[in-house]
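Letter by letter, the chains look like this.
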Amino acid sequence: MSRRTRLKKTASAAFAGLVLATQIAPLHALAADNPASMKPDEVERFCANIADAARDRRYALQAMELKKLRGEVDERIAALEQKRADYEGWLQRRNVFLAQAEAGIVEIYASMRPDAAAERLAEVRVELAAAILMKLEPRTAGIILNEMNSKSAATLTTIIASAARPEDPT
């Protein structure tokens, strides 16, 4: 339990005690004047009379605390929604940029000489190279694969074939 929560509970309990004490004070004054005059049924009746007021006050304090907490939660939700909207905007801009860059890269490799394209694709990550080859025209991709060494070409062909497979082989 945090220090703030403990302080709130302590303050609420102290306030409820203060309210209860102001209602009990007349009883103590009456008992101090003439202790013999207090009868057990009067004490019970007094306690029964103030029990509802004390319970109502506790409920009111709890309702105020819940309203305050709801406000804090609503503020945090609004802040999180704003962050989510910011991230969605950023993600959308990123995806647009990647789509443009991806199309540009495919066009670059399509316009390169096959031997140069094969040499460059052998140096990049195999997943990226396979993605680029998949987006190229089949004839151009075949010429580039023909220019690669057989091990690299086999690896890329395996990745391309796995990506084209309609269902998971495992």
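Read on for an overview of the structure. Everything numeric here is computed off the predicted structure, so don't read it as measured data.

### Concerning the overall build of the protein chain
Here's step 1: What the protein chain contains, in helices and strands, is six helices and zero strands.
Here's step 2: Helices (α) and strands (β) of the protein chain occur, in sequence order from the N terminus, as α-α-α-α-α-α.
Here's step 3: Sorting the 170 residues of the protein chain into buried and exposed places 14% on the buried side.
Here's step 4: Counting contacts in the protein chain only where the partners sit at least 6 residues apart, residues at least 24 apart contribute 62% of the total.

### Observations concerning the nonpolar core
Here's step 1: Leu-121, Leu-133, Leu-136, Ile-144, Leu-145, Met-148 and Leu-156 are the most contacted members of the largest nonpolar core, which has 16 residues in total.
Here's step 2: Those elements that provide at least two residues to this core are α2 (40-111), α3 (114-123), α4 (126-135), α5 (138-147) and α6 (150-164).
Here's step 3: For Ile-144, the residues in contact, after removing those within four places along its chain, are Tyr-109, Pro-114, Ala-117, Ala-118, Leu-121, Leu-133 and Leu-136.

### Structural notes on α4
Here's step 1: Those residues of α4 that sit buried are Ala-129, Ala-130, Ile-132 and Leu-133. Angular distribution of buried residues about the axis of α4 spans 160 degrees; they occupy a single face of the element.

### Points about the packing of α3 against α5
Here's step 1: One can describe the packing of α3 onto α5 by two numbers: an axis separation of 8 Å at closest approach and a directional angle of 70 degrees. The angle between the axes of α3 and α5 places the two elements in the roughly perpendicular class. Classified by chirality, the crossing of α5 by α3 is right-handed. Across the interface between the two elements, Pro-114, Asp-115, Ala-117, Ala-118 and Leu-121 from α3 touch Ile-143, Ile-144 and Glu-147 from α5.
Here's step 2: Classifying every residue of the contact of α3 with α5 by side-chain character gives six nonpolar, no polar and two charged.

### Section: the pattern of salt bridges
Here's step 1: Taken as a whole and assessed by the stated rule, the structure comprises five salt bridges.
Here's step 2: For Glu-81, the salt bridge goes to Arg-84, with nearest N and O atoms at 2.7 Å. Here Glu-81 and its partner Arg-84 are both found in helix α2, three residues apart, which amounts to about one turn of the helix.
Here's step 3: You can call Glu-81 partly exposed: its relative accessible area is 40%.
Here's step 4: For Arg-84, a relative accessible area of 41% corresponds to the partly exposed category.
Here's step 5: A salt bridge links Arg-125 to Glu-127; the shortest N-O distance between them is 3.8 Å.

### Let's talk about the environment of Ile-105
Here's step 1: Here Ile-105 shows up in helix α2.
Here's step 2: We classify Ile-105 as partly exposed; its relative accessible area is 34%.
Here's step 3: The spatial distance from the C-alpha of Ile-105 to the C-alpha of Lys-135 is 10.0 Å, given a sequence separation of 30 residues.

### Notes on the environment of Leu-128
Here's step 1: One can find Leu-128 in helix α4.
Here's step 2: The class for Leu-128 is partly exposed, based on a relative accessible area of 35%.
Here's step 3: Between the C-alpha atom of Leu-128 and that of Leu-156, which follows or precedes it by 28 residues, the distance is 9.7 Å.

Cut-off values and rules
- Residues numbered from 1 in each chain as written.
- Predicted model: local features only at pLDDT ≥ 70, side-chain atom pairs only at ≥ 80, totals over all residues.
- Heavy atoms only, no water.
- Helix = DSSP H or I, 4+ residues; strand = E, 2+ residues; numbered from the N terminus.
- Buried < 20%, exposed > 50% of the residue type's maximum accessible area, 1.4 Å probe, protein only.
- Contact = heavy atoms within 4.5 Å.
- Core = buried A, V, L, I, M, F, W, Y, C linked by side-chain atoms within 4.5 Å.
- Arc of directions from axis to C-beta.
- Axes fitted to C-alpha atoms, helices over the stretch in contact; angles between N-to-C directions.
- Parallel < 35°, antiparallel > 145°, perpendicular 65-115°, else oblique.
- Left-handed = near helix turned anticlockwise from the far one by under 90°.
- Nonpolar A, V, L, I, M, F, W, Y, C, P; charged D, E, K, R; others polar.
- Salt bridge = Lys/Arg side-chain N within 4 Å of Asp/Glu carboxyl O.

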